[in-house]
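# Examining the three-dimensional arrangement
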Amino acid sequence: MSLSDIQKKQIDQANSLFFEGPEKEGFVKDLYFGRFRTESMMPYPELPANAQAAGDSMVAKTKSFCEQYIDPAQIDRDAQIRDGVIKGLGNIGVLGMTIDKNYGGSGMSHFNYCRVMEIIGGHCGSTAVFVNAHHSIGLRALELFGTDDQKSKWMPPLAAGDKLAAFALTEPLAGSDAANVRTTAEPTADGTGYVLNGEKRWITNGGIADVLTVMARTSDPAVPEGKITAFLVTPDMPGFEVLEERMEKVGIRGTATGRIRFNEMVVPKENILGEIGHGLKLALTVLDFGRTTFGACCTGAAKFCIERMVARANSRQQFGQTLGEFELVQGKIAEAAADMYAMESATYYTAALIDSGADDYMVETAMIKVFASDQLWRITNDCMQIWGGKGFFTDQPFERMMRDARLNLIGEGANDVLRCFIANVGFRHVGTELKGDRIKAKKEAKGNANQLMSVWLNRASVMSESLVNPKVPVKHEHLRYYSRKLSKQIAQFGRQMKLVLAKHQEEILHQQYLQARLADIATELFMASCVYSRLTAILVNGTIPETEQTSEFNTGRLYLSLAHQRNEQRLQELKLNADEGKTQVAQEWLKKDFDSNWVLKPKDDAMEQ
């Protein structure tokens with residue numbers, strides 16, 4: 001199967017978005033080659049003393065505010081976050097935490113911002129998503145790409161919570177396919193602005209925001225369909241229409257998820273955010289920040305669930321003993337704690353990476369988002385299982401948390417789409433390095449297709465590196481065993497990346513089962529590396545109390561063992577799987593005629609986009 005024109009176009013777009021210009025080396029990029037980039041991963045980041053103190057103070061204020069003023073059950077019932085809560089979040093500095101002090105913010109690090117979002121995420125899913133939409137992606141676009149004039153005009157009231165921000169990307173035909181934006185922006189006759197036409201939906205704060213970052217397609221002589229540009233839009237502009245202010249939904253019901261339309265709406269050219277035609281890269285850059293705070297929010301929610309699991313396991317008695325004495329309950333609690341530890345470790349590693357000024361963290365943030373949202377979904381389910389029948393009723397928070405957690409697997413990039421992205425970035429990196437070797441191998445094979453792969457794989461520069469396990473530094477004797485395990489598996493993964501490319505070449509773009517497995521292996525290796533680095537820091541730090549050190553070590557090493565087991569299974573499934581059978585059965589069912597009385601179908605089955 002050859003590549004379609006659409007697929008070739010998507011590849012060109014990806015190359016221009018993610019691989020233009022000089023690349024800064026990142027940890028995950030080296031993973032694809034079977035390498036452990038020590039200087040990128042170790043030592044595990046720590047906040048300077050002054051930043052730690054400032055963050056501690058902000059965390060304490062946030063905890064107090066949440067306890068006193070944020071009632072998650074009421075927010076869910078009312079499907080609304082009260083204005084007083086929003087204003088209060090602004091007053092304590094949450095809504096402008098990372099914004100420069102010159103523009104009314106607190107000027108704090110992304111690391112500390114994630115600490116605060118962990119508290120909010122563990123308390124109220126709706127409030128966490130609201131703050132994330134306003135600050136992490138709404139304000140962040142202006143912070144990163146705005147001019148001084150734009151920041152001076154818009155930033156202070158937004159940072160204070162006097163005005164709200166929104167980020168308007170999603171449309172009927174542009175969700176995970178962010179490049180498929182259909183809202184248009186045509187220059188006005190006098191050249192002073194642009195006329196926007198189109199519709200946006202599922203926009204958090206969309207119908208209530210005072211300033212929106214809107215993605216629209218502008219004309220470009222070199223690209224027939226045009227390129228995407230970002231605009232700053234306000235609802236007082238003629239032609240701005242709110243179709244729905246609060247769309248009803250399963251979870252995070254307190255957020256105002258809106259549907260808006262632009263009808264011949266004129267936007268001054270001074271409101272262009274960033275460069276003309278660079279809006280898609282702006283959007284994807286901003287989403288990286290949101291995905292990191294997704295990790296923080298999921299970590300906070302997981303911690304809440306673990307506390308509730310432990311409380312129930314210690315108090316509920318069945319068959320003459322507490323639930324906590326049963327192995328199956330212990331297993332759920334232990335696995336929840338281990339996976340929470342991993343999502344926490346990766347979130348703060350990546351937050352520190354962003355704070356360092358690095359620009360190579362797009363894959364890391366995607367990995368955090370996929371892993372954290374997947375694990376929280378399971379942890380929430382296990383928590384409800386431990387609480388049994390009592391947990392099924394609405395006087396407990398678990399059904400609300402379950403509904404809220406489900407969004408995380410969809411929002412800011414559906415997990416399966418991100419899995420394909422994670423894998424394909426790796427294929428691109430490895431394929432580029434191996435391209436020259438393949439050309440030489442092709443000549444040596446003298447046109448014999450059967451010999452090509454054998455000749456290519458035997459070239460020293462292709463496979464020799466993967467035959468040697470990478471060095472994973474051992475700073476403490478307790479970590480030697482886990483170092484060897486991690487090193488061996490990273491090498492196995494690097495070999496598989498090269499073998500898969502040699503076998504499938506361009507066809508790999510059609511192999512989504514394979515992409516997903518390789519992405520999950522890479523993600524687990526990244527998480528395990530973060531945990532390994534963190535454990536190293538803990539074991540060599542003589543200031544941590546022994547009981548705390550022991551507990552963290554045991555939790556972290558359990559995660560390393562679980563991660564290794566899960567990856568062993570994925571590596572096996574690269575060879576032994578039921579993929580062909582799944583495809584065959586799915587294709588048969590996709591052709592079935594359901595007009596019979598086999599099942600009652602919904603009355604309104606319009607299947608709109």
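The preceding data block contains the structure.
If you look at the biggest cluster of nonpolar residues, it comprises 151 residues, and the most contacted ones within it are Tyr32, Phe526 and Tyr559. Ignoring anything within four residues of it in the chain, the contact list for Tyr32 reads Val363, Met367, Ile422, Val425, Gly426, His429, Val430, Phe493, Gly494, Met497 and Ala522. Counting residues in hydrophobic clusters, the runner-up holds 19 residues, among them Ala185, Tyr194, Phe240 and Phe262.

Let us look at the environment of Ala366. The residue Ala366 is located in helix 12 (residues 362-391) in this model. Here the alpha-carbon distance between Ala366 and Thr523, two residues 157 residues apart in the chain, equals 8.9 Å. Beyond its immediate sequence surroundings of up to four residues, Ala366 is in contact with Arg291, Leu418, Phe421 and Ile422.

Our next topic: the state of the cysteines. As enumerated under the stated definition, the model contains zero disulfides in all. With no disulfide of its own, Cys124 has Cys66 as its nearest cysteine by sulfur position, at a separation of 8.2 Å.

The side chains of a regular strand alternate, residue by residue, between the two faces of the sheet. Of all 11 residues in strand 5 (residues 223-233), eight are buried; the element is thus mostly enclosed. In the sheet, strand 4 (residues 211-220) pairs with strand 5 via eight bridges, with the strands oriented antiparallel. Each bridged residue has a counterpart across the sheet, and for Leu212 the counterpart in strand 5 is Val233. Counted between consecutive antiparallel strands, the loop separating strand 4 from strand 5 contains two residues. Of the pairings in the sheet, the one linking strand 5 to strand 8 (residues 272-273) comprises two bridges and is antiparallel in character. Within strand 8, the residue paired with Phe231 across the bridge is Ile272.

The next point concerns helix 10 (residues 279-315). Across its 37 residues, helix 10 extends 54 Å between first and last C-alpha, which sits within 8% of the 54 Å expected from 1.5 Å per residue. Of all 37 residues making up helix 10, 28 are buried, and the element is well covered by its neighbours.

Enumeration according to the criterion identifies 12 aromatic pairs in this entry. Taking the centre distance of 4.9 Å and the plane angle of 45° together, the rings of Phe111 and Tyr348 count as tilted. You can see Phe111 sitting in helix 7 (residues 110-123) and its partner Tyr348 sitting in helix 11 (residues 327-355), a full 237 residues away along the chain. Both residues of the pair, Phe111 and Tyr348, count as buried. Measuring from centroid to centroid gives 6.3 Å for Phe289 and Tyr361, while their planes differ by 85°, and the two rings are edge-to-face. Taken as a pair, Phe289 in helix 10 and Tyr361 in the loop between helix 11 and helix 12 lie far apart in primary sequence, 72 residues in all.

We now examine the side chain of Gln150. Within the secondary structure, Gln150 sits in helix 9 (residues 148-160). By relative accessible area, Gln150 is classed as buried at 5%. Among the polar contacts made by the side chain of Gln150, one reaches the main-chain carbonyl oxygen of Ile272 at a distance of 2.8 Å. Excluding residues that lie within four positions of it along the chain, Gln150 makes contacts with Leu142, Phe145, Met155, Leu232, Glu270, Asn271, Ile272 and Leu273.

Let us look at empty space enclosed by the protein. Per the counting criterion, the structure on display carries one cavity of 30 Å³ or more. When its volume is computed, the largest cavity comes out at roughly 40 Å³. Surrounding the largest cavity, Gly138, Leu139, Leu142, Leu158, Ala165, Ala166, Val211, Leu212, Thr213 and Leu232 form its lining. For the lining of the largest cavity, the secondary structure elements donating two or more residues are helix 8 (125-145), strand 1 (165-168) and strand 4. Looking at the lining of the largest cavity, its residues break down into eight nonpolar, two polar and no charged.

A separate point is unusual backbone geometry. Between Met42 and Pro43 the backbone carries a cis peptide bond, its omega angle lying at 0°. Turning to its location among the elements, Pro43 is positioned in the loop between helix 3 (38-41) and helix 4 (49-69). Non-glycine residue Glu264 carries a positive phi angle of around 50°. In this fold, Glu264 is placed in strand 7 (residues 257-268). According to the relative accessible area criterion, Glu264 is exposed, its value standing at 55%.

Conventions adopted
- Residues numbered from 1 in each chain as written.
- Predicted model: local features only at pLDDT ≥ 70, side-chain atom pairs only at ≥ 80, totals over all residues.
- Heavy atoms only, no water.
- Core = buried A, V, L, I, M, F, W, Y, C linked by side-chain atoms within 4.5 Å.
- Buried < 20%, exposed > 50% of the residue type's maximum accessible area, 1.4 Å probe, protein only.
- Contact = heavy atoms within 4.5 Å.
- Helix = DSSP H or I, 4+ residues; strand = E, 2+ residues; numbered from the N terminus.
- Disulfide = S-S within 2.5 Å.
- Pairing = 2+ DSSP bridges.
- Expected span 1.5 Å × (residues − 1).
- Phe/Tyr/Trp six-rings, centres within 6.5 Å; stacked < 30°, edge-to-face > 60°.
- Polar contact = N/O pair within 3.5 Å; in protein donor to acceptor, adjacent residues only side chain to side chain.
- 1 Å grid on protein atoms, 1.4 Å probe; cavity = no way out; pocket = protein on both sides within 12 Å on 5 of 7 lines; lining within 4 Å.
- Points joined across faces, edges and corners; volume = space filled by probe spheres on them.
- Nonpolar A, V, L, I, M, F, W, Y, C, P; charged D, E, K, R; others polar.

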